[in-house]
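Report on the structure
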Amino acid sequence: MVEDYSTIDSCRICDSPSLYEFLDLGNVPPVNNFKETSESKIPEYPLEVVFCEDCNHVQLRNTVRRDLLFEDYSYFSSSSTPLIDHFGEYADSVENKFLDAGDLVVEVGSNDGVLLRQFSEKVRKLGVEPAENVAEKAREQYDLDVCTDFFSLDIAKDIASNYGFATVIAANNVLGHVDELHDIVAGVDYLLQEQGVFVVEVPYLIDLLNHVEFDTIYHEHISYFSIRPLTELFEKFKMEIFDVERVDVHGGSVRLFVQRESGTHSITNDVAYLSALEKALGLNERTVYDEFREEVRRRRQQLKDLLEHLDETGHSIVGYGAPGKGNVLLNYCDIGPDLLDYIVDTTPSKQGTFSPGKNIPVRPPSEFGDPYPDVALLLAWNYRESILEKEEEFRGEGGRFLIPAPNVDIV
Ligand code: DWN
């Protein structure tokens, strides 16, 4: 029988056996496996986080089989308007910096085409997306060329023979989802032109730790990146990070620009600044991770106490947004249908389903104001500004958002 998950005994980047476990979030269901009925049970898997004492890479101890997580995927990037704007800026910036007419840009993990469709028609575009249901949306709605598969060295060879070599390869919120990091970078190394650029956007470990973003830790996210271990990973392929930008998306991310060591882009100071910041904050020592664990436990107690008090004092409470991370928060903090009447979400494929683990019904946004609840737990806290603006009437009528991160708050 094929096991649902495997367990590492060495670091995915440097192969060191010195892995220090600092956080255990218990057994959690795959957070994007929304269910058709409240009765259907889905398996839960351990969620333990380890820190490599040699290259400092933070990663999950267990790897859930990727077909269980990504084959029929419920996450569509374009369901979040702020993300459409974010990737519009990204496409403009990358095209202006690195692409000429006729160049090939390949996106690994292209989802529903939220980025690719925003490059101009002057460049050739190819998506690689393993979830057929999501890839189909990119093809049908935006006429994009998408290869339905998990990117790898073998896929890179197929692409090179059919489309040529890429001037830019992009991978956004993807590298963290990959168990075989060396194989995906080997694929990039093969497919990238000699002077090509690999653009990688990933949530940033410093923001995760500083804002106690424990809910972003789940089985899809195998790795939690910082500059130092990524530098070591790319060095193995004679590649280097030559620039980095911090971007305000998904709780705080970094956008890395990577070239071959023979590349002509000069290395900016920002790469060294962030490496120095990581060392100054102690990301190379156990203490910061032990402190994070204690902060997570404190956050769990704060949220549970506040929600139970609001419930006991007669307040109606719903969840706002059904992000994957929301299901980590609900399961780890034991927040169920006794506290939340329902969750609203803009993603059609999530509406009418039940949240994995806690079986809270997910409904369309139209039900939010019919009637308004007293309190909305903002599970999609990373879109705080746009959601508070959108729900001005709710707040004007006395409704309040309970914000779980970066600090517990009511606004
Ligand atoms: O890596 C990943 C991150 C980047 O995106 C994937 N593994 C899965 C996904 O994680 P997530 O589900 O936590 O992502 P979001 O983008 O924070 O999800 C937001 C959810 O909230 C979506 O389901 C859409 C919904 N939403 C809403 O209902 N009303 C979003 C906005 C902006 C809204 O106004």
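The structure displayed is predicted, hence computed values, not measured ones. (Residues numbered from 1 in each chain as written. Predicted model: local features only at pLDDT ≥ 70, side-chain atom pairs only at ≥ 80, totals over all residues. Heavy atoms only, no water.)

1. Topic: the sheet that holds strand β18 (residues 400-403)
- If you walk across this open sheet you meet the six strands as β16-β15-β14-β17-β18-β19, and the pairing is mixed. Edge strands, defined here as strands with exactly one partner in the open sheet, are β16 (362-363) and β19 (409-410).
- Pairing analysis gives two bridges linking strand β15 (residues 343-344) to β16, with the strands arranged parallel. Bridging across to β16, I343 finds its partner in V362. (Pairing = 2+ DSSP bridges. Helix = DSSP H or I, 4+ residues; strand = E, 2+ residues; numbered from the N terminus.)

2. Topic: the site of the ligand
- Around the ligand lies a shell of 25 residues, among which Y75, E220, K325, Y383 and K390 are the nearest.
- Between a nitrogen atom of the ligand and a side-chain N or O atom of E220, the distance comes to 2.5 Å.
- At 2.6 Å, a side-chain N or O of Y383 approaches an oxygen atom of the ligand.
- Expressed as a share of its isolated accessible area of 710 Å², the protein-covered part of the ligand is 96%.
- Every element with two or more residues in the shell around the ligand is listed here: α10 (324-332) and α11 (384-390).
- Split into classes, the residues belonging to the shell around the ligand amount to nine nonpolar, eleven polar and five charged. (Near = heavy atom within 4 Å. Polar contact = N/O pair within 3.5 Å; in protein donor to acceptor, adjacent residues only side chain to side chain. Areas by Shrake-Rupley, 256 points an atom, 1.4 Å probe, with all protein chains shown as cover. Nonpolar A, V, L, I, M, F, W, Y, C, P; charged D, E, K, R; others polar.)

3. Regarding the pattern of salt bridges
- The final tally for this structure, using the stated rule, is 24 salt bridges.
- Across the salt bridge formed by D112 and K137, the nearest N and O atoms sit 3.4 Å from each other. Of this pair, D112 sits in the loop between β6 (104-108) and β7 (124-128) while K137 sits in helix α3 (residues 132-142), placing them 25 residues apart in sequence. For the pair formed by D112 and K137, the shared burial category is buried.
- Within the structure, one salt-bridge network assembled from shared partners comprises E89, K97, E201, E245 and R255. (Salt bridge = Lys/Arg side-chain N within 4 Å of Asp/Glu carboxyl O. Buried < 20%, exposed > 50% of the residue type's maximum accessible area, 1.4 Å probe, protein only.)

4. Brief notes about the sheet that holds strand β10 (residues 192-203)
- Here seven strands make up an open sheet; going across it, the order is β8-β7-β6-β9-β10-β13-β12 and the pairing mixed. Looking at which strands have only one partner, the edges of the open sheet turn out to be β8 (146-147) and β12 (239-247).
- Pairing of β10 with strand β13 (residues 253-260) involves six bridges; the strand directions are antiparallel. Bridging from a neighbouring strand, V200 pairs with L256 of β13.
- Against the sheet, helix α7 (residues 227-235) engages β10, β12 and β13, with an angle of about 150° to β12. (Contact = heavy atoms within 4.5 Å. Axes fitted to C-alpha atoms, helices over the stretch in contact; angles between N-to-C directions.)

5. Here we look at a negative patch on the surface
- On the surface, D149, D154, D158, E180 and D183 cluster together into a patch of negative charge.
- With respect to the helices and strands, the residue D154 is situated in helix α4 (residues 153-163).
- Taking relative accessible area as the criterion, D154 reaches 52% and is therefore assigned exposed. (Patch = residues over 30% accessible without salt bridge, like charges linked within 9 Å, V, L, I, M, F, W, Y side chains within 5 Å. Lys, Arg positive; Asp, Glu negative; His and termini not counted. Charge placed at Lys NZ, Arg CZ, Asp CG, Glu CD.)

6. Digging into the side chain of E391
- Secondary-structure assignment places E391 in the loop between α11 and α12 (392-396).
- Among buried charged residues, E391 stands out as having no salt bridge; its nearest opposite-charge side chain is K390, 5.0 Å away.
- Ignoring anything within four residues of it in the chain, the contact list for E391 reads Y320, F368, Y372 and F401.

7. Remarks on the layout of surface pockets
- There is about 360 Å³ of room inside the second largest pocket.
- Those elements that place two or more of their residues in the lining of the second largest pocket are α2 (81-98) and α11.
- In terms of residue class, the lining of the second largest pocket is built from eight nonpolar, seven polar and four charged. (1 Å grid on protein atoms, 1.4 Å probe; cavity = no way out; pocket = protein on both sides within 12 Å on 5 of 7 lines; lining within 4 Å. Points joined across faces, edges and corners; volume = space filled by probe spheres on them.)

8. Description of the packing of α4 against helix α5 (residues 181-191)
- Where α4 meets α5, the axes come as close as 7 Å, and the angle between the chain directions of the two elements is 20°. For the element pair α4 / α5, the angle class is roughly parallel. Crossing of α4 against α5: the hand is right-handed. Facing L153, A156, K157, I159 and A160 of α4, the residues of α5 in contact are D183, A186, G187, Y190 and L191. (Parallel < 35°, antiparallel > 145°, perpendicular 65-115°, else oblique. Left-handed = near helix turned anticlockwise from the far one by under 90°.)

9. Some words on α4
- Within α4, the full set of buried residues consists of I155, A156, I159 and A160. Around the axis of α4, the buried residues are gathered within 140° of arc, so they sit on the same side. Exposed positions of α4 whose direction lies more than 90 degrees from the buried face are D154, S161 and N162.
- If you follow the buried residues of α4, they end up packed against β6, β7, β8 and α5.
- Looking at the residues trailing α4, positive phi occurs at G164, about 95°. (Arc of directions from axis to C-beta.)

10. Quick look at unusual backbone geometry
- Residue P371 is bonded to the preceding D370 through a cis peptide linkage, with omega at -5°.
- Here P371 is to be found in the loop between β16 and β17 (375-378).
- Here the bond from A405 into P406 is cis, since omega is 5°, no more than 30 degrees from zero.
- Following the sequence through the fold, P406 ends up in the loop between β18 and β19.
- The backbone phi angle of D143 is positive, close to 55°, even though this residue is not glycine.
- One can find D143 in the loop between α3 and β8.

Purely geometric numbers; function is a separate question.
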